[in-house]
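Next come the chains, spelled out residue by residue.
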Amino acid sequence: MKTAAIQSFFATLQAANPHPVTELEYTSVFELLAAVLLSAQATDVGVNKATRKLFPVAHTPQQILDLGLEGLESYIKTIGLYRSKAKHLMQTCRILVEQHGGQVPRTREALEALPGVGRKTANVVLNVAFGQPTMAVDTHIFRVSNRTGLAPGKTPLAVEQQLLKRVPAAYAVDSHHWLILLGRYVCQARKPLCHQCAVSAYCDFKPKTTG
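Now for a look at the structure at hand. (Residues numbered from 1 in each chain as written. Predicted model: local features only at pLDDT ≥ 70, side-chain atom pairs only at ≥ 80, totals over all residues. Heavy atoms only, no water.)

**Quick look at the overall build of the protein**
Counting secondary structure elements, the protein contains 10 helices and 0 strands. Along the chain direction, N to C, the helices and strands of the protein fall in the order α-α-α-α-α-α-α-α-α-α. Relative to the globule expectation of 17 Å for 211 residues, the C-alpha radius of gyration of the protein, 18 Å, shows essentially globular dimensions. Dimensions of the protein, computed from C-alpha atoms along their principal axes, come out at roughly 55 × 35 × 30 Å. The proportion of buried residues among the 211 residues of the protein is 47%. Counted over contacts in the protein with a minimum sequence separation of 6, partners at least 24 positions apart contribute 58%. Total accessible area computed for the protein in this model is approximately 10500 Å², and 55% of it derives from carbon and sulfur atoms. (Helix = DSSP H or I, 4+ residues; strand = E, 2+ residues; numbered from the N terminus. Rg over C-alpha atoms; globule rule 2.2 N^0.38 Å. Buried < 20%, exposed > 50% of the residue type's maximum accessible area, 1.4 Å probe, protein only. Contact = heavy atoms within 4.5 Å. Areas by Shrake-Rupley, 256 points an atom, 1.4 Å probe, with all protein chains shown as cover.)

**Considering the side chain of asparagine 48**
On the secondary structure map, asparagine 48 appears in helix H3 (residues 44-54). Overall, asparagine 48 belongs to the buried group, its relative accessible area being 4%. In contact with asparagine 48, not counting residues within four places along its chain, are Glu23, Leu24 and Glu25.

**Some words on the layout of surface pockets**
One number sums up the size of the largest pocket: a volume of about 500 Å³. Lining the largest pocket are 26 residues, and of these Ser39, Ala42, Asp44, Asp138 and Arg184 sit closest to its centre. Contributions of two or more residues to the lining of the largest pocket are made by H3, helix H7 (119-129), helix H8 (139-148) and helix H10 (172-185). Tallying contributions element by element places H10 first for the lining of the largest pocket, with 6 residues. In terms of residue class, the lining of the largest pocket is made up of 12 nonpolar, 9 polar and 5 charged. (1 Å grid on protein atoms, 1.4 Å probe; cavity = no way out; pocket = protein on both sides within 12 Å on 5 of 7 lines; lining within 4 Å. Points joined across faces, edges and corners; volume = space filled by probe spheres on them. Nonpolar A, V, L, I, M, F, W, Y, C, P; charged D, E, K, R; others polar.)

**Describing empty space enclosed by the protein**
A water-sized probe, rolled over the atoms, reveals where empty space remains. Taken as a whole, this structure holds 1 cavity of 30 Å³ or more when the rule is applied. Looking at the largest cavity, its volume works out to about 100 Å³. Surrounding the largest cavity, 15 residues form its lining, Cys187, Pro192, Cys194, Cys197 and Cys203 being those nearest its centre.

**A closer look at the environment of arginine 52**
Along the chain, the position of arginine 52 falls in helix H3. Taking C-alpha positions, arginine 52 is 9.1 Å from tyrosine 26, a pair spaced 26 residues apart along the chain. A distance of 2.7 Å separates the side chain of arginine 52 from the side chain of glutamate 25, its partner in a polar contact. (Polar contact = N/O pair within 3.5 Å; in protein donor to acceptor, adjacent residues only side chain to side chain.)

**Remarks on helix H4 (residues 61-76)**
The first and last C-alpha atoms of H4 sit only 16 Å apart over 16 residues, clearly below the 22 Å expected at 1.5 Å per residue. By the largest-angle criterion, glycine 68 marks the main kink of H4, which is about 105°. Among all positions of H4, only Pro61, Ile64, Leu65, Leu72, Glu73 and Ile76 are buried. Packing partners of the buried residues in H4 comprise helix H2 (29-38), H3 and helix H5 (82-100). (Expected span 1.5 Å × (residues − 1). Bend = angle between axes of the 7 residues up to and from the residue.)

**Quick look at the packing of H2 against H7**
Direction vectors running N to C along H2 and H7 enclose 150°, while the axes themselves pass 10 Å from each other. Between H2 and H7, the angle falls in the class roughly antiparallel. Crossing of H2 over H7 shows right-handed handedness. The residues of H7 that touch H2, namely those facing Val29, Leu32, Leu33, Val36 and Leu37, are Thr121, Val124, Val125, Val128 and Ala129. (Axes fitted to C-alpha atoms, helices over the stretch in contact; angles between N-to-C directions. Parallel < 35°, antiparallel > 145°, perpendicular 65-115°, else oblique. Left-handed = near helix turned anticlockwise from the far one by under 90°.)

**Concerning the packing of aromatic side chains**
All chains considered together, the criterion is met by 4 aromatic pairs. Residues phenylalanine 9 and phenylalanine 10 carry aromatic rings whose centres are separated by 5.1 Å and whose planes lie at 80° to one another, so their mutual orientation is edge-to-face. Taking the relative accessible area as the measure of exposure, phenylalanine 9 reaches 0% and is therefore buried. Take phenylalanine 10: its relative accessible area is 0%, and that puts it in the buried class. With a centroid separation of 6.4 Å and an interplanar angle of 45°, the aromatic rings of phenylalanine 10 and tryptophan 178 are classed as tilted. (Phe/Tyr/Trp six-rings, centres within 6.5 Å; stacked < 30°, edge-to-face > 60°.)

See the structure below:
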């Protein structure tokens, strides 16, 4: 994708959705962290169903610890890999309480030191909670970035680095939301819906699908 097209690509996405937000439901930074940790290899819809029951009962690190491992598992057992996720979330909550006063840290290094929190999860928290222009490259963003020619790369990290270079600063904070939504609903894995895509004119993918 030529540099000139990138500006138009994001301007079009912004015009259609000026204030994009994550589809994960949360009311605090800790709830966001917990939801993103639970969302690995799971859908946002599935995570939201579980956290709608969990968060009214336990929405702080100490409250999660007070549930105990089995108690936590009972709330999230509908989510894939729930046992390992429950263990990671409990360990993370203990570190937050013991080392961070129950607060979610604001640095990548401290976030990535939490069990179950990788680079992608840290990027989501830094972006959504703290407004940093990070790129959380999930399967949707990886596919869209490569398919459109926006930020080609063979690994999520390579795509992330390309996006950080190529996305104009004016769009940097919101861009990962637009790309996720584009990949989830339009530029889908099996067959992109090019005929429904607002940015197909700027995209390198050929041949375009027609319905």
